[in-house]
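Now for the letters of each chain:
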Amino acid sequence: MDPSEPSEALPPPPLVIPPNLVPIKAEQIAEVPRKVTKTQPKRVPMARPGLGRKGNKLPLLTNHFSVTPTKGDGYFFHYSVSLFYEDGKPVDGKGIGRRVIDRVQQTYDTELDRKDFAYDGEKSLFTIGALPQNNFEFTVVLEDISSNRVPANGSPGGNDSPGEGDRKRLRRPYQSKTFKVEISFAAKIPMQSIANALRGNDTDNSQEALRVLDIILRQHASKQGCLLVRQSFFNNDPRNFTDLGGGVSGCRGFHSSFRTTQGGLSLNIDVSTTMIVKPGPVVDFLLANQNVRYPNDIDWSKAKRMLKNLRVKTKPANNEFKIVGLSELPCNQQLFTLKQRNGNGDAEVHSVEVTVYDYFVNYRHIELSYSATLPCINVGKPKRPTYFPLELCALVSLQRYTKSLSTLQRSSLVERSRQKPQERMKVLTDALKSNNYDADPMLRACGISINSHFTQVEARVLSAPKLKAGNGEDFFPRNGRWNFNNKKLLEPTRIERWVVVNFSARCNTQNLCQDLIRCGGQKGVIINPPFDVFEESPQWRRAPPTVRVDKMCEQMQSKLPGAPQFILCILSERKNSDIYGPWKRKNLSDFGVATQCIAPTARINDQYLTNVLLKINAKLGGMNSLLAIEQSPSIPLISKIPTIILGMDVSHGSPGQSDVPSIAAVVSSRQWPLISRYRASVRTQSPKVEMIDSLFKLVPDDENIGMKDIGIIRELLLDFYTSSGKRKPDQIIIFRDGVSESQFNQVLNIELDQIIEACKFLDEKWDPRFTVIVAQKNHHTKFFQPGSPDNVPPGTVVDNKVCHPRNNDFYMCAHAGMIGTTRPTHYHVLLDEIGFSPDDLQELVHSLSYVYQRSTTAISVVAPICYAHLAASQMSQFIKFEDMSETSSGHGGMTSAGPVPVQQLPVLHPNVSSSMFFC
């Protein structure tokens, strides 16, 4: 590339092979190092450069409760814990560790200097001050453990006679087990490190000290019988359960964790919800879960997958077991060997084959009303089963439901877990009282005292940005909202060739088309009458989704002279239609035609049609509205220097689908100086991997000796270059979604390095400046207006008191929370080489919440991130991932031989690849 040529007039960049790159053979590709070795120091999140000043001040309350640590000179001692059975095998089951350690404390209290423990339930134990010695070995006996052995009530299974077992148990405690416990010193953590963190000197020690405090909270909840999910705690109180259908209940509990903030140490308490299996008879759960009326209609292969590892209590002895599976045969046919003594006092034992049903009815005299023809529950081991009839088993309470929810269940959960701000404040105040942390001996020993009042913070409310609509009209959104009543879209498209397809929806297509054409005319979108309306043939309505789509496409191709500009697709089911994925794939990948799916409800009004038109217009290259500062152009630091904005997100498979590839999506702004137009690039990657691994990706170049980059970033940079007057971006702003604080350094040192390499591979001399911002929605900080039932106003920003003591972070509620309590987005500015002032950066983030073309409201997180999420979720439906089994591992991930290749997504057709197809 000629260095003398001005950057504004660069031709599309050719392949540049860096001078230090030695060409390699294709078979060596597996050994190519992923990244060029860097000598630069590791990047760390930047410090806060100052506070913002713009906006009207507003005092708010937040659900942080200030904590006063009165001791600062002691040490937490960390000990590592190993648990073994009597035969030396390590204990692998979760849940038993706490009981074992409790017994160690009770039995060896004196040897342990009467110390209180903070135990994480697995391998770490903490004390305040040292134990008398560095290494201990203890032996303890636990009685009445739920296990897979023959139960007390003589359940059939194994080789013991039930009666014999009962007599043996009279002489020794039932199911006692011996454990060996090794406790050894691992580290000591100064309590002073918490005070250091509050001064902004965050170290590994301070993170570990805060972890100890959080473990104390977990232990406190565990002792009260709560279900623990990370730092959230759920009581076994039916008043907290809400039925979501399908045998699933929402369970309301509390999140509580210690946070270091500018205002000191605080305890963050929030309402939390998890899904649990509805407790009660197993058969009731299965009927609800499979939505069938009678036990004989149950699909037992599904039931087996659903029940595996759930815990049940069995009648009549009320013992608790873990389900390992179901019997192959029904209860009245499933045989087992029953050993009996002769009744005349003879010690001789003889064996008889009996069915499980006969055993319980004739030997145990337990009446069974419906279990005879149904499989039994196996609570033993696969090779040594222990069977119970279905109706004697009831699911224990507080068991997490980890499968994905249906659309109906999800909407029901959202609806029922909403709480207005004042209600949430009352619930949190009550929670703080009922948890009674002041009584916890470990917290007392740390000298920790927790204030019972919500912390007050000073917020600022930023003014809504001015927007531009059609005919040069300017307008200001009010309360984060606007509409297109009596307004034209800024850049309306003209739709000349389009068709309608109807997949068996009950819909008057003629009226729908007339209304859409009329409504489009009012908004400036000229729509010709459709070329044709294709109704699905009744003979294909029950065919598989891909067949239905193929038949519809064949029908269209036989009548159309050429590809239409646009297809309106009418579906009969809302949101969860199985036609949606195959239809999108066919049109976007094979044909390159924009398509808008709708599932019309009973009443289609102008508001509904306007929302549909906004999406259609954006997909076809139009623009609904713009920020006035984009057109001026007068965006600080962006309008004067070519700048690309990236939104990055990774979406993972549903819970329970461990082998489904993750989908990485990156969207990029185009046509600088605009910041409202975007395009997307999407890839699959190994399941559950959060870091994006295909930003820069070298493969052998078939045409030239050497390598070429087929990564996401190159594709987006070239698009920016061609759409922005042949300018390369000298500034790159990255918005990254979905990473936790523990992954910030990976974003800065792995993902950012890949992006830099992609730039250098295009032009070795190119050195753009970066700003990297992480957006988090998955946190527990909320804001409340004191004495007001309303949510905080849109534009609310908080960068003090509850923010990080050192790092550059702030909370923003850009949107108007209409229902429930507004959840602010927590933005972390990890790097800012561009040099924004706090006000300019907060204004930019606020403005990017107003450029979302799909709606007429400010959204809760910047549009590039929303678009990345939309692109990932839409393209994930291109592949029928859910066909993969829930247990197989052959679709990606790691094996002993290395990473398994994941199924790749189909490539988008060139006609739509740079469009906002995801809108």
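Calculation criteria
- Residues numbered from 1 in each chain as written.
- Predicted model: local features only at pLDDT ≥ 70, side-chain atom pairs only at ≥ 80, totals over all residues.
- Heavy atoms only, no water.
- Helix = DSSP H or I, 4+ residues; strand = E, 2+ residues; numbered from the N terminus.
- Buried < 20%, exposed > 50% of the residue type's maximum accessible area, 1.4 Å probe, protein only.
- Contact = heavy atoms within 4.5 Å.
- Areas by Shrake-Rupley, 256 points an atom, 1.4 Å probe, with all protein chains shown as cover.
- Pairing = 2+ DSSP bridges.
- Axes fitted to C-alpha atoms, helices over the stretch in contact; angles between N-to-C directions.
- Parallel < 35°, antiparallel > 145°, perpendicular 65-115°, else oblique.
- Left-handed = near helix turned anticlockwise from the far one by under 90°.
- Nonpolar A, V, L, I, M, F, W, Y, C, P; charged D, E, K, R; others polar.
- Salt bridge = Lys/Arg side-chain N within 4 Å of Asp/Glu carboxyl O.
- Phe/Tyr/Trp six-rings, centres within 6.5 Å; stacked < 30°, edge-to-face > 60°.
- Lys NZ or Arg CZ within 6 Å of the ring centre and 35° of its normal.
- Arc of directions from axis to C-beta.
- Expected span 1.5 Å × (residues − 1).

**Q** If you had to explain the overall build of the protein chain to someone new, which residues and values would you point to?
**A** A tally of helices and strands in the protein chain yields 20 helices and 45 strands. When burial is assessed residue by residue, the protein chain has 54% of its 919 residues classed as buried. Considering only residue pairs separated by 6 or more positions, the protein chain has 73% of its internal contacts joining residues 24 or more positions apart. Summing over all exposed atoms, the protein chain offers an accessible surface of approximately 41,900 Å²; the carbon and sulfur share of this is 48%.

**Q** A description of the sheet that holds strand 24 (residues 467–468) should follow, citing residues and the corresponding values.
**A** With antiparallel pairing, three strands are arranged side by side in an open sheet as 25-24-32. Each of the sheet's edge strands pairs with one partner strand only, and the pair in question is strand 25 (474–475) and strand 32 (626–627). Pairing between strand 24 and strand 32: two bridges, direction antiparallel. For K468, the partnering residue across the bridge sits in strand 32 and is L626.

**Q** I'd like a rundown of the packing of helix 5 (residues 282–290) against helix 6 (residues 300–307), residues and numbers included.
**A** Between two packed helices, what matters for the description is the angle formed by their axes and the separation of those axes. Between helix 5 and helix 6, whose axes approach to 11 Å, the crossing angle comes to 115 degrees. By the angle between their directions, the pair helix 5 and helix 6 is classed as roughly perpendicular. For the pair helix 5 and helix 6, the sense of crossing is right-handed. Contacts between helix 5 and helix 6 pair V282, F285, L286, N289 and Q290 from the former with W300, K302, A303, M306 and L307 from the latter. When grouped by side-chain class, the residues that make up the contact of helix 5 with helix 6 number seven nonpolar, two polar and one charged.

**Q** Explain the pattern of salt bridges to me, using residue names and the numbers behind them.
**A** Applying the stated criterion across every chain yields a total of 35 salt bridges. In this structure, the salt-bridge partner of E458 is K57, at a minimum N-O distance of 4.0 Å. Here E458 is found in strand 23 (residues 455–461), whereas its partner K57 is found in strand 1 (residues 56–62), with 401 residues between them in sequence. Overall, K57 belongs to the exposed group, its relative accessible area being 61%.

**Q** Describe the side chain of H815, and please don't skip the residues or the numbers.
**A** Within the fold, H815 resides in the loop between strand 42 (809–813) and strand 43 (825–832). Excluding residues that lie within four positions of it along the chain, H815 makes contacts with P794, T822, R823, A858, I859 and S860.

**Q** So what about the pairing of strand 7 (residues 177–190)? Which residues, and what values?
**A** Of the pairings in the sheet, the one linking strand 3 (residues 75–85) to strand 7 comprises eleven bridges and is antiparallel in character. Within strand 7, the position partnered with Y75 by the bridge is P190. Judged from the eight bridges that link them, strand 6 (residues 135–142) and strand 7 form a sheet pairing that is antiparallel. Bridge pairing links E137 to E182 in strand 7.

**Q** With reference to specific residues and values, describe unusual backbone geometry.
**A** Residue P316 is bonded to the preceding K315 through a cis peptide linkage, with omega at 0 degrees. In the segment running from W672 into P673, the intervening peptide bond is cis, with an omega of 15 degrees. Among the secondary structure elements, P673 is positioned in the loop between strand 34 (662–669) and strand 35 (678–685). With a phi angle near 60 degrees, D113 is a residue other than glycine that sits in the positive phi range. Assignment of secondary structure puts D113 in the loop between helix 1 (97–107) and strand 4 (118–119). Classification of D113 by relative accessible area gives partly exposed; the value is 48%. With phi around 50 degrees, N436 is a residue other than glycine that occupies positive phi space. Residue class for N436 comes out partly exposed when judged on its relative accessible area of 41%.

**Q** Break down the packing of aromatic side chains for me, citing the residues and quoting the values.
**A** The final tally for this structure, using the stated rule, is 23 aromatic pairs. Taken together through their ring pairs, the aromatic side chains of F321, F336, Y359, F360, Y363 and F388 make up a single cluster. Over the ring of Y75 we find K188, and its NZ or CZ is 4.4 Å from the ring centre. Over the face of the ring belonging to F475 we find K487, whose NZ or CZ atom lies 4.9 Å from the ring centre.

**Q** Before we move on, could you go through helix 6 and cite the residues and values that matter?
**A** For helix 6, every residue scored as buried is listed here: W300, A303, M306 and L307. Projected onto a plane normal to the axis of helix 6, the buried residues spread over an arc of 115 degrees and lie on a single side. Those residues of helix 6 that are buried are in contact with helix 5, strand 16 (325–330) and strand 19 (375–378). Just downstream of helix 6 lies N309, where phi reads positive at about 75 degrees.

**Q** Can you explain the sheet that holds strand 42? Please cite residues and give values.
**A** Strand order in the open sheet formed by eleven strands is 35-34-33-38-39-43-42-41-23-1-40, and the pairing between neighbours is mixed. Strands at the two margins of the open sheet, each flanked by one partner only, are strand 35 and strand 40 (783–784). In terms of strand pairing, strand 33 (residues 643–651) meets strand 38 (residues 731–737) through six bridges, oriented parallel. Within strand 38, the position partnered with I644 by the bridge is I732. Where helix 16 (residues 712–723) meets the sheet, its contacts fall on strand 33, strand 34, strand 35 and strand 38, and the angle it forms with strand 35 comes to roughly 170 degrees.

**Q** Would you mind going over the environment of I616 in detail, with residue names and values included?
**A** By the element assignment, I616 lies in helix 14 (residues 606–619). On the basis of relative accessible area, I616 is assigned to the buried category, the value being 2%. Sequence separation of I616 and L568 is 48 residues, and the distance between their C-alpha atoms is 9.1 Å. When near neighbours in sequence (up to four residues on either side) are disregarded, I616 contacts I495, F566 and Q596.

**Q** Please provide a residue-by-residue account of helix 13 (residues 580–591), values included.
**A** The end-to-end C-alpha separation of helix 13 is 16 Å, in line with the 16 Å expected for twelve residues at 1.5 Å each. All buried positions along helix 13 are accounted for by G581, P582, W583, K584, N587, L588 and S589. The first or second residue beyond helix 13 is G592, which carries a positive phi of 70 degrees.

**Q** Outline the packing of helix 11 (residues 509–523) against helix 14, supporting the account with residue identities and numerical values.
**A** Packing of helix 11 against helix 14 brings their axes to within 10 Å, and their N-to-C directions diverge by 70 degrees. Relative to helix 14, helix 11 is oriented roughly perpendicular. Here L512, D515, L516, R518, C519, G520, Q522 and K523 of helix 11 lie close against helix 14, whose contacting residues are D606, L609, T610 and L613. Looking at the contact of helix 11 with helix 14 residue by residue, the class counts come to five nonpolar, three polar and four charged.

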